[in-house]
Amino acid sequence: MAPSSSPLRSTTSETDEKYANVKWEELGFALTPVDYMYVAKCKQGESFSQGKIVPYGDISISPCSPILNYGQGLFEGLKAYRTEDDRIRIFRPDQNALRMQTGAERLCMTPPSLEHFVEAVKQTVLANKKWVPPPGKGTLYIRPLLIGSGVILGVAPAPEYTFLIYASPVGDYHKVSSGLNLKVDHTSHRAHSGGTGGVKSCTNYSPVVKSLFEAKSAGFSDVLFLDAATGRNIEELTACNIFILKGNIVSTPPTSGTILPGVTRRSISELARDIGYQVEERDVSVDELLEAEEVFCTGTAVVVKAVETVTFHDKKVKYRTGEAALSTKLHSMLTNIQMGVVEDKKGWMVEIDSCQG
């Protein structure tokens, strides 16, 4: 399928073979369809078949499937990167595989094994390697899906599951250069204790769209949600985790069932400790947020993004951003590992073997 942006024709056959015809400089966070996707299926109580790479396109699914009727579905998000010496690498796919397994247990689904998940991601990236942007021009966003696709009318686990992976080259999630302007939503909540806020269920995201739409209509970048139990503690944004900095202490809300355990969140916590910061996972009140020196967000899509302002009721607070900000240093540390600029001493990156398959 043709990319969604206007194609940029290359002038040499070598370039044509290496890269897809995309205006890389114009990439945002939107779908640019690639050539192939991965599909595997399994029956309830069995293991997934090996799966196969097929042309990217629409899928056929019963109107009576649990994903359409009851929202029985999970998704993941991770990225592939092209280095200056033309290696293609994936960031911590094992962590996404483990998180999908946790979510599958919560939703009574059959997940792929860790090895199957990682191998399927590798195959998807390799099949679409010309869609991995040039170094510094973006990344290949990878979206694994696990959905209840079998036919069942009543509320029950699906008789069949589909594991599907598609991808798209992407640029920045937020185009603002300085930092995000957040609105604290004190009327609606993203998750509650005992619910599914701690797993990447498809059902977690559509309920936040109204709050996000209203915030963006008012000029904000995103919404920060509070805990449903007390309404006093911060939790996360619509699609990313949050940190605050005061003195030498970096604090982030705990993943105690209502907050998604982000892979980038975990990585940034480790990097911050490496450079001498004390990292605390604990309840963080709105009052502490408003008194912080610096605030930033983390996620696969946003990477590490500074928060410039937070508005709570009629109070607006401005935070440190720019070159002096910790978020800038952590962003550089993380992306240098991902892009192969520095040695990956953490063992986070998985290389894609061009001879594979």
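Procedures and definitions
- Residues numbered from 1 in each chain as written.
- Predicted model: local features only at pLDDT ≥ 70, side-chain atom pairs only at ≥ 80, totals over all residues.
- Heavy atoms only, no water.
- Helix = DSSP H or I, 4+ residues; strand = E, 2+ residues; numbered from the N terminus.
- Buried < 20%, exposed > 50% of the residue type's maximum accessible area, 1.4 Å probe, protein only.
- Polar contact = N/O pair within 3.5 Å; in protein donor to acceptor, adjacent residues only side chain to side chain.
- Domains from an automatic or database assignment.
- Contact = heavy atoms within 4.5 Å.
- Buried area = accessible area lost by both parts, 1.4 Å probe.
- Salt bridge = Lys/Arg side-chain N within 4 Å of Asp/Glu carboxyl O.
- pLDDT = per-residue confidence, 0-100.
- 1 Å grid on protein atoms, 1.4 Å probe; cavity = no way out; pocket = protein on both sides within 12 Å on 5 of 7 lines; lining within 4 Å.
- Points joined across faces, edges and corners; volume = space filled by probe spheres on them.
- Nonpolar A, V, L, I, M, F, W, Y, C, P; charged D, E, K, R; others polar.
- Phe/Tyr/Trp six-rings, centres within 6.5 Å; stacked < 30°, edge-to-face > 60°.
- Pairing = 2+ DSSP bridges.
- Right-handed = clockwise from strand over helix to strand, strands pointing away.
- Core = buried A, V, L, I, M, F, W, Y, C linked by side-chain atoms within 4.5 Å.
- Expected span 1.5 Å × (residues − 1).

Chemist: Can you break down the environment of Glu214 residue by residue, with the values?
Modeler: Its location among the elements puts Glu214 in helix H5 (residues 209-217). Relative accessible area serves as the criterion here: at 38%, Glu214 is assigned to the partly exposed category. The sequence separation of Glu214 and Met37 amounts to 177 residues, and the corresponding C-alpha distance is 34 Å. Looking at Glu214, its side chain comes within polar contact range of the side chain of Lys210, at 2.7 Å.

Chemist: Report on the domain arrangement of the protein, specifying residues and quantitative values.
Modeler: Segmentation of the protein into domains returns domain 1 (24-170) and domain 2 (180-334). Its C-alpha centre places domain 1 at a distance of 26 Å from the equivalent point of domain 2. Contacts between the two partners involve 21 residues from domain 1 and, on the opposite side, 19 residues from domain 2. Of all residues in domain 1, Phe75, Arg99 and Arg106 give up the largest surface area on contact with domain 2, accounting jointly for 36% of the area buried on that side. For the pair domain 1 and domain 2, the interface holds zero salt bridges. On the surface where domain 1 and domain 2 come into contact, there are nine residue pairs in polar contact (both at pLDDT 80 or more). Secondary structure elements with two or more residues in the side of domain 1 that touches domain 2: strand E3 (73-75), strand E4 (78-82) and helix H3 (93-106).

Chemist: Could you give an account of the confidence of the model for the protein, with specific residues and numbers?
Modeler: The share of residues in the protein with pLDDT of 70 or more is 94%, and the mean pLDDT across the chain is 93. Predicted confidence is poor over residues 1-15, with pLDDT under 50, and the contacts of this stretch with residues over four places away or in other chains come to 24 contacts.

Chemist: Got a sec to walk through the layout of surface pockets? Specific residues and values, please.
Modeler: Over the atoms, a rolling probe the size of a water molecule traces out where space has been left empty. A volume near 700 Å³ is recorded for the largest pocket. Contributing elements (two or more residues each) for the lining of the largest pocket: E4, strand E15 (303-312) and helix H8 (326-338). Broken down by element, the lining of the largest pocket gets its largest block of residues, six residues, from H8. When grouped by side-chain class, the residues that make up the lining of the largest pocket number twelve nonpolar, 16 polar and six charged. When residues are assigned to domains, the lining of the largest pocket turns out to be shared by domain 1 (24-170) and domain 2 (180-334), each giving three or more. Computed from the structure, the second largest pocket encloses a volume of approximately 460 Å³. The wall of the second largest pocket is formed by 27 residues, among which Phe75, Tyr141, Lys200, Tyr205 and Ala239 lie closest to the centre. Counted by class, the lining of the second largest pocket contains 14 nonpolar, eight polar and five charged residues.

Chemist: Give me the packing of aromatic side chains: which residues, what numbers.
Modeler: For the coordinates displayed, the defined rule picks out ten aromatic pairs. An angle of 90° between the planes, with centres 5.8 Å apart, marks the rings of Phe91 and Trp348 as edge-to-face. Here Trp348 lies in the loop between H8 and strand E17 (349-351) and Phe91 lies in strand E5 (residues 88-91), a separation of 257 residues in the sequence. By relative accessible area, Phe91 is classed as buried at 5%.

Chemist: Describe in detail the pairing of strand E9 (residues 222-226), supporting the description with residues and values.
Modeler: For E9, the tally of buried residues reaches five of five residues, placing the bulk of the element in the interior. Here E9 shows a buried face lined by Asp222, Leu224 and Leu226 and a second buried face lined by Val223 and Phe225. Two elements, strand E8 (residues 180-185) and E9, share four bridges in a ladder whose sense is parallel. Within E9, the residue paired with Asp185 across the bridge is Phe225. In this fold, the crossover linking E8 to E9 by way of H5 has right-handed handedness. Note: E9 against strand E10 (residues 234-237), two bridges, orientation antiparallel. If you follow Leu224 over to E10, its bridge partner there is Leu237.

Chemist: Explain the nonpolar core residue by residue, including any values.
Modeler: By size, the foremost hydrophobic cluster in this structure holds 37 residues, and its most contacted members are Ile90, Val121, Val125, Leu140, Ile142, Leu146 and Phe163. Of all the elements in the fold, those that place two or more residues in this core are strand E1 (36-43), E4, E5, H3, helix H4 (114-127), strand E6 (139-148) and strand E7 (160-170). Among the elements that line this core, the one with the most residues is H4, at six residues. Aside from chain neighbours lying at most four places away, what touches Val121 is Leu78, Ile90, Ile142 and Ile165. Counting 23 residues, the second-largest nonpolar core is a separate cluster that includes Leu237, Cys240, Ile244 and Cys297.

Chemist: Mind laying out helix H6 (residues 263-274), listing which residues take part and the relevant values?
Modeler: Taking 1.5 Å per residue as the helical rise, H6 with its twelve residues ought to reach 16 Å, and the 17 Å between its terminal C-alpha atoms agrees with that figure. Residues of H6 that are buried include every one of Val263, Thr264, Arg265, Ser267, Ile268, Ser269, Leu271 and Ala272, and no others. Phi turns positive, to about 100°, at Gly276, one or two residues after H6.

Chemist: So what's going on with H3? Residues and values would help.
Modeler: Look at H3: 20 Å from first C-alpha to last across 14 residues, which is about the 20 Å you get at 1.5 Å a residue. Within the span of H3, buried status applies to Pro93, Gln95, Asn96, Ala97, Arg99, Met100, Gly103 and Ala104. Where H3 terminates, the next one or two residues include Cys108, which has phi positive at roughly 55°.

Chemist: How would you explain the environment of Ala218 if you had to name every residue and give the values?
Modeler: For Ala218, the location among the structural elements is in the loop between H5 and E9. With 35 residues separating them in the primary sequence, Ala218 and Lys183 have C-alpha atoms 9.5 Å apart.

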